Amino acid sequence: MIADKKNTAHYLWGDNCDSWVLVNTEELSVKQESMPTGTKERLHFHEKAQQFFYILKGIATFYVDGKPQIVNASQGFIINAKTQHYIANETQNQLDFLVISQPTTNNDRIMIE
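Definitions and limits used
Residues numbered from 1 in each chain as written. Predicted model: local features only at pLDDT ≥ 70, side-chain atom pairs only at ≥ 80, totals over all residues. Heavy atoms only, no water. Helix = DSSP H or I, 4+ residues; strand = E, 2+ residues; numbered from the N terminus. Buried < 20%, exposed > 50% of the residue type's maximum accessible area, 1.4 Å probe, protein only. Polar contact = N/O pair within 3.5 Å; in protein donor to acceptor, adjacent residues only side chain to side chain. Phe/Tyr/Trp six-rings, centres within 6.5 Å; stacked < 30°, edge-to-face > 60°.

**Student:** Explain the environment of E33 residue by residue, including any values.
**Tutor:** Along the polypeptide, E33 turns up in strand β3 (residues 29-35). We classify E33 as buried; its relative accessible area is 8%. Within the structure, E33 has its side chain in polar contact with the side chain of S19 (distance 2.9 Å).

**Student:** So what's going on with the packing of aromatic side chains? Which residues, and what values?
**Tutor:** Pairs of aromatic rings are described using the distance from one ring centre to the other and the angle between the two planes. Overall, the coordinates contain four aromatic pairs when judged by the stated rule. Aromatic pair F53 and F62: ring centres 4.9 Å apart, planes at 65°, arrangement edge-to-face. Look at F53 and you get buried, because its relative accessible area is 4%. Aromatic pair Y63 and Y86: ring centres 4.8 Å apart, planes at 15°, arrangement stacked. Taken together, the positions of Y63 in strand β6 (residues 59-64) and Y86 in strand β9 (residues 85-88) put the pair 23 residues apart, joining distant regions of the chain. Residue Y63 is classed as buried on the basis of its relative accessible area of 18%. The class of Y86 is buried, set by a relative accessible area of 16%. Put simply, the rings of F53, F62, F77 and F97 pair up and form one aromatic cluster.

Shape descriptors only; they carry no functional weight alone.
Laid out in structure tokens, this is it:
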């Protein structure tokens, strides 16, 4: 199956952010996500899943263990399991990215805030 935003599951998260589920197995999750300007997710971590974020458009600010990390379009960033983090769009432009989780983050999200 060819997966794209037109034929896969969609849901809203956070402050009106979009997620399209491109792959969803126990071993692997691939999502295309979009964050409007000024949005962020809540601080959390994953017990099992490591995540790789690849920025398609815009500039992401990741907060990892309390420290900011700027990631530009055409760059990727890995977050290891058990690492406290969140992503924010602190720019005036939309942020689009892929998030690849291995294994899936289903039932593997521990909220801090």
